[in-house]
Amino acid sequence: MFGWIENIDWTGLLVDIGIIAIKLVAILIIYLIAKSIGKRAIEKAFSRNNKGMTQARSKTLQLISVNIFTYFLMFIVIGIVFDLFGLDIKTLIAGAGIIGLAIGFGAQGLVSDVVTGFFLLLEQQIDVEDYVTVAGKDGIIEEIGLRTTKLRGFDGTLHYIPNREISSVSNHSRGNMQALVDIGISYDDNIDTAMRVLQVACDRLASEDEDIMEGPDVVGVQAFGSSDVVIRVVCKTKNMQQFAVERRIRKALKEALDQHGIEIPYPHQVNITKSN
Amino acid sequence: MFGWIENIDWTGLLVDIGIIAIKLVAILIIYLIAKSIGKRAIEKAFSRNNKGMTQARSKTLQLISVNIFTYFLMFIVIGIVFDLFGLDIKTLIAGAGIIGLAIGFGAQGLVSDVVTGFFLLLEQQIDVEDYVTVAGKDGIIEEIGLRTTKLRGFDGTLHYIPNREISSVSNHSRGNMQALVDIGISYDDNIDTAMRVLQVACDRLASEDEDIMEGPDVVGVQAFGSSDVVIRVVCKTKNMQQFAVERRIRKALKEALDQHGIEIPYPHQVNITKSN
Amino acid sequence: MFGWIENIDWTGLLVDIGIIAIKLVAILIIYLIAKSIGKRAIEKAFSRNNKGMTQARSKTLQLISVNIFTYFLMFIVIGIVFDLFGLDIKTLIAGAGIIGLAIGFGAQGLVSDVVTGFFLLLEQQIDVEDYVTVAGKDGIIEEIGLRTTKLRGFDGTLHYIPNREISSVSNHSRGNMQALVDIGISYDDNIDTAMRVLQVACDRLASEDEDIMEGPDVVGVQAFGSSDVVIRVVCKTKNMQQFAVERRIRKALKEALDQHGIEIPYPHQVNITKSN
Amino acid sequence: MFGWIENIDWTGLLVDIGIIAIKLVAILIIYLIAKSIGKRAIEKAFSRNNKGMTQARSKTLQLISVNIFTYFLMFIVIGIVFDLFGLDIKTLIAGAGIIGLAIGFGAQGLVSDVVTGFFLLLEQQIDVEDYVTVAGKDGIIEEIGLRTTKLRGFDGTLHYIPNREISSVSNHSRGNMQALVDIGISYDDNIDTAMRVLQVACDRLASEDEDIMEGPDVVGVQAFGSSDVVIRVVCKTKNMQQFAVERRIRKALKEALDQHGIEIPYPHQVNITKSN
Amino acid sequence: MFGWIENIDWTGLLVDIGIIAIKLVAILIIYLIAKSIGKRAIEKAFSRNNKGMTQARSKTLQLISVNIFTYFLMFIVIGIVFDLFGLDIKTLIAGAGIIGLAIGFGAQGLVSDVVTGFFLLLEQQIDVEDYVTVAGKDGIIEEIGLRTTKLRGFDGTLHYIPNREISSVSNHSRGNMQALVDIGISYDDNIDTAMRVLQVACDRLASEDEDIMEGPDVVGVQAFGSSDVVIRVVCKTKNMQQFAVERRIRKALKEALDQHGIEIPYPHQVNITKSN
Amino acid sequence: MFGWIENIDWTGLLVDIGIIAIKLVAILIIYLIAKSIGKRAIEKAFSRNNKGMTQARSKTLQLISVNIFTYFLMFIVIGIVFDLFGLDIKTLIAGAGIIGLAIGFGAQGLVSDVVTGFFLLLEQQIDVEDYVTVAGKDGIIEEIGLRTTKLRGFDGTLHYIPNREISSVSNHSRGNMQALVDIGISYDDNIDTAMRVLQVACDRLASEDEDIMEGPDVVGVQAFGSSDVVIRVVCKTKNMQQFAVERRIRKALKEALDQHGIEIPYPHQVNITKSN
Amino acid sequence: MFGWIENIDWTGLLVDIGIIAIKLVAILIIYLIAKSIGKRAIEKAFSRNNKGMTQARSKTLQLISVNIFTYFLMFIVIGIVFDLFGLDIKTLIAGAGIIGLAIGFGAQGLVSDVVTGFFLLLEQQIDVEDYVTVAGKDGIIEEIGLRTTKLRGFDGTLHYIPNREISSVSNHSRGNMQALVDIGISYDDNIDTAMRVLQVACDRLASEDEDIMEGPDVVGVQAFGSSDVVIRVVCKTKNMQQFAVERRIRKALKEALDQHGIEIPYPHQVNITKSN
C-alpha cells in the first residue's frame, strides 16, 4: 500500500526546499533595502519641498506617501513568494475574481477620496477655518481628512463631504472680497444728481469704515427696471466683511437718498380705464 | 477489450495521490494559522482604536472585518486546492464567465453599500436619533445597517436608503444651530429706530428663552425689497430648537413693531391714471 | 489509401477513453454531493433566520438561492467536462465572445433586477398593500416580483417598475403619519388670540376624531407672508388617515376663525395714486 | 529545389487528416443532437407556461428563444472546428479585436432592446391598444416589436421607441381610473352648505352616468387658496372614460353651484389707498 | 566568422516555406469561397425581404451588409496569415494596445451611428420629407445618411444629427393629426348655450374645410380657469394641416361667440377697498 | 571563476544572431513596402472622392489619414522586433500597465476629438464663417481644428470647443431662413380687417425689401392671449438677414396698424368692486 | 542533511549569472541611448514649433514631455530586468491587481487633468489675466497649473478648477466685445422719431468715448413688449470695456429720450369696471 513512498525523490525535494530557502532570504533582504531606500527618498523629497506648508500638513503627506509605498512593496513580495512555491498567483487572483472585481469597484470611491484628499492637502486649496463652497455646499472648513472633509454650514449643520465629491473648490477666504449693492431710483429723478449723492455717501462711509479696502464706487446705470433705473455700487472689503459692509452701504445709501428727497420707487403701473 | 487497464501506471497514480494528500494537509494547516493570525491582528487593531466608539459599534465593525478576511482566505484556499487537482481554475471561471460578470455587475451595488456603510459607522458621520439630510431626504435616523440606512421623515414616512446613495451627509445634530428671521419695514420708517426696537425685543427674548445660546442680533439691512426694507436677525440656539426659536422670535418681533407703530408693509404700487 | 489507419495507436486511445470515463463518473458523484450539501446549507440558513417573515416570502427567497447555486455548480461541471475532452473552454468562450459580451451587457439589467428584488424581499422594505414612493412614482404596491414590482397609482394607473430602478424606497405605511396645516391670519389680528382660538378648535377635534393620535398643536408663527401671518398646526394621525385628517383640520380651523371674526386675509396691496 | 517535398511525412499527414475527419463527423452529430434537445426543451417550457397568453405572443417568444439557442450553439461549433484545424480562435478574435469590441459596444443597444422586448412580451406589461406612458411619452400602443415599440400619441404623432428606453411602464389601461375635480368656493360661503350642494349634484350624476363606477364623493377642503377654499371631488370611472367623466362632473358642479347662488370666486385683492 | 551559416538547416527551412506556401494558397481559396457564399446569402436575404422598400433603400442596406461581412472576413484572414508566419498577433495587438483601445473608444460612436442608421433605414422609421422630432429637434428630414441625418428646422436651420443621438423617433407624418383648441367663456355665461354655439360653428367649418377629416367636436369643460371656464374643441385633420386648421377653428369660434354676444373674458379681479 | 565562459555555446549564439539579422532586414523591407502601398491607396482614395471639397480641406484629411496609418504600422513593427529579441512585449505592456491604462483613459478624449474633427471636415457640416449652434453655444466659426473648434460668440467671446463636445450641429448658414413675427390685436377688433391690413403692409414690404425671398404671409390666429388675439406673420429671408427682416416687419406692421386705428392692446383686467 | 548541496549545478548557475550580467549591461546602455535620443527629439520638436509662445510656457511643455518619456522608458526597463531574473512581471502585476486597478481608476482623474492642462498650455486657450468662463464659473485667470487652474471670481472668490473639468473654454479676452442695450418706448410714440433721437445720442457718445470701436447703432424694433416697443442698440467696444460702455450708453439714451419728451413706459393695464 505504501510502497509508493519509496518512489518519491526525497533528495530532489530537499534540494528544491534548500533553493527556495535561499531565495526567500534573498527576497527578504532586497525587500528591506528597497523599503529603506524608498522611505528615505520620500522623506528627502518632502524636506526639500515643504516651503509654506505647516509642519503637521507636511508630516501627514509624508506619512501617506510612505504607507502607499510600503503596501505596494509588500504586494510585490507576496507575489514573488507565491511564485516561489509554484503557486500561480494569477490562478488565485482569478479565483478571487468575482469578489476582487466587486471590491475593486466598491473601493474605487475610497481610492478616489484619498487621491483627491492628498492633492487638497498638497496644493493647499483649502485650510481649516476657510469659508468655501464645495460640492454645492457653503460653509467653514472644520477638518480636512484623507477620506472626508468636514464643513460647518452657516445654519450650524455639519456636512461630511467625501473628498471625491470635491472637484472645483471655490475658496472665499483668499484675499479681499467685493461688496455689491444695486439701488433703484425713479425714472423721474436726474441720474447725474442721484449718482453724485450716492458717491458722496460712499466716500463718507469709506473714510469711516476700516473694513473697506477700495471704493465704494458708483459705477453707473446697471439696468432699466420696469419701474426704476438701477444704479450699481461696488467696493473691495476685508475678507469675510463683505456681507457686513454690504449691509452698511445699503443703510448709508438709503439715508443719503432720503436726505436729498430722492425716492426708491415702488412698482408703478399706468391704468387706463375703459368702460365696459 | 479491457487489456488497456493493465497499461495504466497504478504506482505513479498512487504516488501522485500521496503527494496531493500531503499538500492538502499542509494547505489546511497554513490556512488555519493564517486565519488565526489575521483575526487576532484585526481584533488588536480595533481594541487599540475604539476611543469614543460605543461597544456595539466597535463589535459590528470588528465582525465585518473578520468576515471579509475569512471569505478572502477561503477563496484563495479553494483556488489552491483546484490547482492541486490539476483543474485550471481559470477555465472554470471562464466557463462561469457570463454569469459571473453579470453577477459581478449586479452585486457591485451591494459591495458599494457595505463599503460605504462601514465608513459611515467607522467615522461616526451619523448616529441613531440624528436629524440628517442624506440622498436628498430629510429625517431622523432610525437604524444604520450595513446595506441600508433607515430614515424617518418628519411626515412619518420611513425611507430605506441604500448606503451607496449616501455620499455627502449633512448632519443637523452636531452642535448649536442658527435661527434666522428676515422682517420687512416700510421705506418710510427710520431704519435706525426700527433696528433699535427690534434689538430691544431680541434682548428681552434672549433673557427669557433658555434655548437661545447666542444673540439674537439685528445684523442690518439685508436687502431692498420691492415694497420693504428687509432687516435680518440671527441667533444661535440649542440643537433642534432652531425652528421653535425662529417661531418665537417672529412673534416677538411682530409684537414689538406693533407696539412702536412700525408697520410690516403690504406690497405697494404706484398707480398713474391715463385717460384712454 | 487507408494504410494510415493502422498507424493509429488504438490501445492508447482506449486507455484515454477509459480514464475519461472514470473521471466523468467521479465528477458526477462530486457534483451530486456538492449540490446536496449546498441545498441543505441554504435551507438551514433560511429555517434559522425566517423570524418575522411570512412563509411564502421565505419560500421564495429559498427557491431563488437554491436556483442560483445550482446554475453556478452546473456551469463549473460543464467547464470541467469540456476540459476533460481537451476542448479549451476559453477558446469556445472567446468564440462566443462578441455574442456573450453583448448578452452580458444586455442581461446585466436583468441580474440587477433580481439582486435588488432579492433584498427588497429579504429586508421587507415593501409589502403588498403598502403606500410607497419608488422611482419617482407614488402608489400602492400590488405585487413584488423578482424582476418587476407593480404599483397602482392613485389615479388608477398600473406602474410596472423594474426592480433595478428602485434605489431609495420611501414607505408611507410604516407607523403614524403627520398632518400639517398652514393657515394665514391678518397682520392686524392679535397673534395670541388667534393661536388660542385655533388651539381650542384643535383640542375639540382631537377629542372627537379617533384617527388623530397626537395633537393637533398650534406650533406658532411659521412665516411672514406678503399679506398674512402664517400659523402652523401639526398632529400625528393613524397611517393613511393623514390626508383625511388634514381636510378635517382645515374645515375646523376655518369655522373656528369665522366664529371669532378672525379673517383669513386676501392678498393686500397699498395703492399710491400719482397724477401723470 | 523540390527535394524537400520528400522530407514531408505524408503518412503522418494522412493520419492527422483522418482523425480530423472522424472528429468533424462526431462534432456534427453532437451538434444536431444538442440542437434537437434544446429546441424540444424550449417548446415544452412554452407549452407548459402559456396560460393567459395569446397564441401569437407565445409563438413569437418561442421563436426568439429557439433562435438565440441556435446562434449560441453555432458559435460554439465554429469555435471547436477552428480549434480542430489548429487555428487558435483567440488569435483570430484578437485580430478582429478592434472591430469586434467596437461592434460589441455598438450592438449592445440592440441586445438590450431584444432583452427588454422579450420581457415586455413575456410579462404582458403592455398590449396593443393599451394607453400607456413610456419613456416620457403618452399614447396608444400600435405595435410591440422585438426592437421597437410603436406608440400613437393623442396628437396623431407616431413615436418609435427602442425597447431599451422603456424602463418603467405606466399602463393606464389596467382597471378603473380615478376622476378628480378641484373646485373653489368663496371664503364667505359656508363650507358645509357648499359640500352638501356638491354632493347632491355628484349623486345625481352618479345615478345617470354609467361610466362612473364609484362615487363621486366630496372628500373635503383640499387647500386654502389665495382667494378661494378648494373643495375636492373624486370618483372611479370605467377605463379611458376618466377625462370625459371629469368634464361632465365639472359641468354638473358648476351648474349646481349656480343654482344655489354659490359663486366660484375670481382672484380677490384688498386695496389700501395711500396718498403720496 | 561565417562558419555558423553552415549550421543552418537549409533543407528544413525549405520544407517549412513549402508548407507555408501550400497553406497560404489553401487559405486564399477558402477565403474566396466564403466571401462568395456570404455575399450571395446576403443578396438572397434582401431579395426575399424587400417588400415595401424602395429600390434605392434596399440597395443601400445590401451594400452595407456586404461591406461589413467582407471587412470581418479580411480581418480573420490577416489573423491566420500572421499566425502562419509564427507572429503572435496577440503580441502585436498588445503592442498596439494603447492606441487600439483609445481608437476603439473613440470610434465607438461611429459604430453606434452606423448600427442605428442601419435600423432607421431598415424599419423605415423616418423618410425624406417627413416632419419628425428627433434628439430634441423639430424639422423636415432632408437626408438620411449612415452616420448623420440632416434635418431642416422650420426656421431654416440645417441640423446635422449623428444617428446615435436618435433614440426615440417622433414621426409627425404618419397618418391624420389632431387639432386642439381651448377657448374660455365667462363664469356668467351658460355653458350649454356656449357649447351649442361652438358646435354649430364647428359643424359649418367641417362642411367647408376639406383638410378636416373628423370633427371638430366640442368635448366639454376642460378646466376652471381663474377667470374663465375653458371649453375644449378637438378634430382630426389631414397630415401637416393641423396648424392651419387650428388657426381656422380659432377664427371661426371667435366669430361665432362674437355673433352670439358671448365674451371671451379678460382676467378678473375682485377689489375690496380698505381705508388705511 | 571564469571557467563557465567556455561552457557558453558561442557558435549557436552566432547562428541565432545571424537569423535575427536576416529577419530584421526582411521586416524592414516589408515595412517600407506596406507603408508605400498604404500611402498610395490613401492618396488615390482622396483624389477620387474630393468632389466639392476645397484643396486645403482635402489635403488636411489626406495628411491625417497617412499619419494614422504610419503610426499604426510602426507600432506593429516595434512589436515584431521586440518579439524577435525574445522580449515578451506583453510583459512590458503589463509592466507599463498602470501608467498605460491611465493614459489610455486620459487620452481617450483626445482620440474622440480627432475622430469627430475628421468627420466634421469630411462631411462639411461646418465651414469657417458659418453661423452655428454647437454644444449649446451660438456663434460664427473662426477655425476648425482637429482637436478644437473656435467659435466667436455674438458678444465677442471666443469659445474653444473640444470636437468631442460637438454632437448635433445646428448650422444656420445653409439656405434661406424664416422670419417670424407674432402681433396681438384687441378682442374687440375684427380679425378679418386686421389680417387684411397686415397682409397689405407685408406685401408692400416684400416689394421693397430684397432680403425677403418669400412672403411675408399672415398665416392666421396663432393663439388667444389673456388680453389679445395673436396673429402670426412668417416669411423666408436671405441667409443671416432674418433678424434684420424681423425688425423691419415689426416696424411696418406697427405702423400699418397705427394708420388703420387698430390698437395693440395692453394687458386688460376686469375689476369688480366689493365693499368690505 | 546537507548532502543535497552537492547536487546543485554550481557551474551552470555561474554561467546563468554571467549571461544575466552581460544582458544587464546591454540593457543599461540601450536605455541611456534611447533616453538621450528621445530627449533630443522632444527638444528639437519644441524649438521648431515655439512660434508665438512665451519662453516660460515652451519650457514647461518641454519639461513635461521629457518627464513622461523618461517614466515610460523606466517602466519598460524595469519590466525587462524583472523578466531577466525569471520573475514573471505579469504575476506581480496581477498580485498588485486589486490595488493597481483601484489606483488606476482613482488616478485616472489626475492623468485627465495633466492631458487637458497640456493642451490648455499648448493651444493657448487661456492666459493669465484673461477673463474666461470655464466649468460654469466666471473670472480672471490667476494661474494655469498642470493639475489645477486658479480663477479669481469678480466677487473675490478664488476658484480652484481641476483641468479635467475644463472642456469648453469661453474666453472673453480675445478681441473686441459687443455692448448691447435694449430700451423700451411707448406704443404711442413714433418709432421713427425715437430711433432718430437714439441714433443721434449714440453718435455723440461714439465721438466722445474712445472705448467704443464700432457703432453704437440702433438696429430696430427687437420685440413688442406687453407695454412697450423694445428698441435695440449694439456697438463694439474695447475688450473688457463692454460693461462700462453699456452703462454709459444707458445713461446717454435715457437723457436723450428725456430731452425729447419720449417716455420709457411703466407697465400698463386697461381696467374695465364691472359692478358686482
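Residues numbered from 1 in each chain as written. Chains lettered and ligands numbered in written order. Predicted model: local features only at pLDDT ≥ 70, side-chain atom pairs only at ≥ 80, totals over all residues. Heavy atoms only, no water.

The name given to chain A in an unreviewed UniProt entry is Mechanosensitive ion channel family protein, with Oceanobacillus halophilus as the source organism. Taken directly from UniProt, the Sequence similarities (unreviewed entry) text for chain A runs: "Belongs to the MscS (TC 1.A.23) family." (UniProt positions renumbered as here; feature names shortened; annotations may be inferred.)

K.L.:
Could you clarify how one ought to interpret the overall build of chain A in this entry?
P.N.:
Looking only at helices and strands, chain A features six helices and nine strands. Among the 276 residues that make up chain A, the fraction classed as buried is 47%. Long-range pairs, those at least 24 residues apart, make up 61% of the contacts in chain A between residues at least 6 apart in sequence. When the accessible surface of chain A is totalled, it reaches about 13,200 Å², and 59% of it is carbon and sulfur. (Helix = DSSP H or I, 4+ residues; strand = E, 2+ residues; numbered from the N terminus. Buried < 20%, exposed > 50% of the residue type's maximum accessible area, 1.4 Å probe, protein only. Contact = heavy atoms within 4.5 Å. Areas by Shrake-Rupley, 256 points an atom, 1.4 Å probe, with all protein chains shown as cover.)

K.L.:
Teacher, can you tell me more about the pairing of strand E8 (residues 229-237) of chain C here?
P.N.:
On a regular strand, each side chain points to the face opposite its neighbour's, so the side chains alternate between the two faces of the sheet. All names here are of chain C. Across the nine residues of E8, eight count as buried, placing the element largely inside the fold. Bridging between strand E6 (residues 177-185) and E8 involves nine bridges; their strand directions are antiparallel. Of the residues in E8, the one forming a bridge with Leu 180 is Val 234. As paired strands, strand E7 (residues 212-224) and E8 are joined by eight bridges and run antiparallel to one another. Following the sheet pairing, Ile 212 is matched in E8 by Thr 237. The antiparallel hairpin formed by E7 and E8 contains four residues in its connecting segment. (Pairing = 2+ DSSP bridges.)

K.L.:
Looking at this model, I keep getting lost on the pairing of strand E4 (residues 158-162) of chain C. Mind explaining?
P.N.:
Burial runs high along E4(C): five of the five residues are buried. Burial along E4(C) is two-sided: Leu158(C), Tyr160(C) and Pro162(C) and His159(C) and Ile161(C), pointing in opposite directions, are all buried. Counted along the chain from strand E3 (residues 148-152) of chain C to the antiparallel partner E4(C), the turn is five residues long, and its residue Gly156(C) has a positive phi close to 100°. Sheet topology places E4(C) next to strand E5 (residues 169-171) of chain D; three bridges connect them, and they run antiparallel.

K.L.:
How should unusual backbone geometry be read in this particular structure?
P.N.:
Both trends apply: most residues other than glycine have a negative phi, and most peptide bonds are in trans. Even without being a glycine, Glu129(B) presents a positive backbone phi close to 85°. Within the secondary structure, Glu129(B) sits in the loop between helix H4 (97-122) and strand E1 (131-134).

K.L.:
I would appreciate a short explanation of the packing of helix H5 (residues 191-208) of chain E against helix H6 (residues 242-259) of chain E in the present structure.
P.N.:
Geometry of a packed helix pair, given as the angle between the helix axes and the separation of the axes. Residues and elements named next belong to chain E. Direction vectors running N to C along H5 and H6 enclose 135°, while the axes themselves pass 9 Å from each other. Compared by their axis directions, H5 and H6 come out oblique. The crossing of H5 and H6 is right-handed. Judged by residue contacts, Val 197, Leu 198, Ala 201, Cys 202 and Leu 205 of H5 engage Arg 248, Ile 249, Ala 252, Leu 253, Ala 256 and Leu 257 from H6. Split by residue class, the contact of H5 with H6 holds 10 nonpolar, no polar and one charged. (Axes fitted to C-alpha atoms, helices over the stretch in contact; angles between N-to-C directions. Parallel < 35°, antiparallel > 145°, perpendicular 65-115°, else oblique. Left-handed = near helix turned anticlockwise from the far one by under 90°. Nonpolar A, V, L, I, M, F, W, Y, C, P; charged D, E, K, R; others polar.)

K.L.:
What should I look at first to understand the packing of aromatic side chains in this one?
P.N.:
Centre distance and the angle of the planes are the two values used to describe a pair of aromatic rings. Residues and elements named next belong to chain G. This structure, assessed with the given rule, holds 21 aromatic pairs over all chains. Aromatic pair Tyr 187 and Phe 224: ring centres 6.4 Å apart, planes at 25°, arrangement stacked. With Tyr 187 in the loop between strand E6 (177-185) and helix H5 (191-208) and Phe 224 in strand E7 (residues 212-224), this pair connects stretches of sequence that are 37 residues apart. You'll find Tyr 187 and Phe 224 in the same group, each marked buried. (Phe/Tyr/Trp six-rings, centres within 6.5 Å; stacked < 30°, edge-to-face > 60°.)

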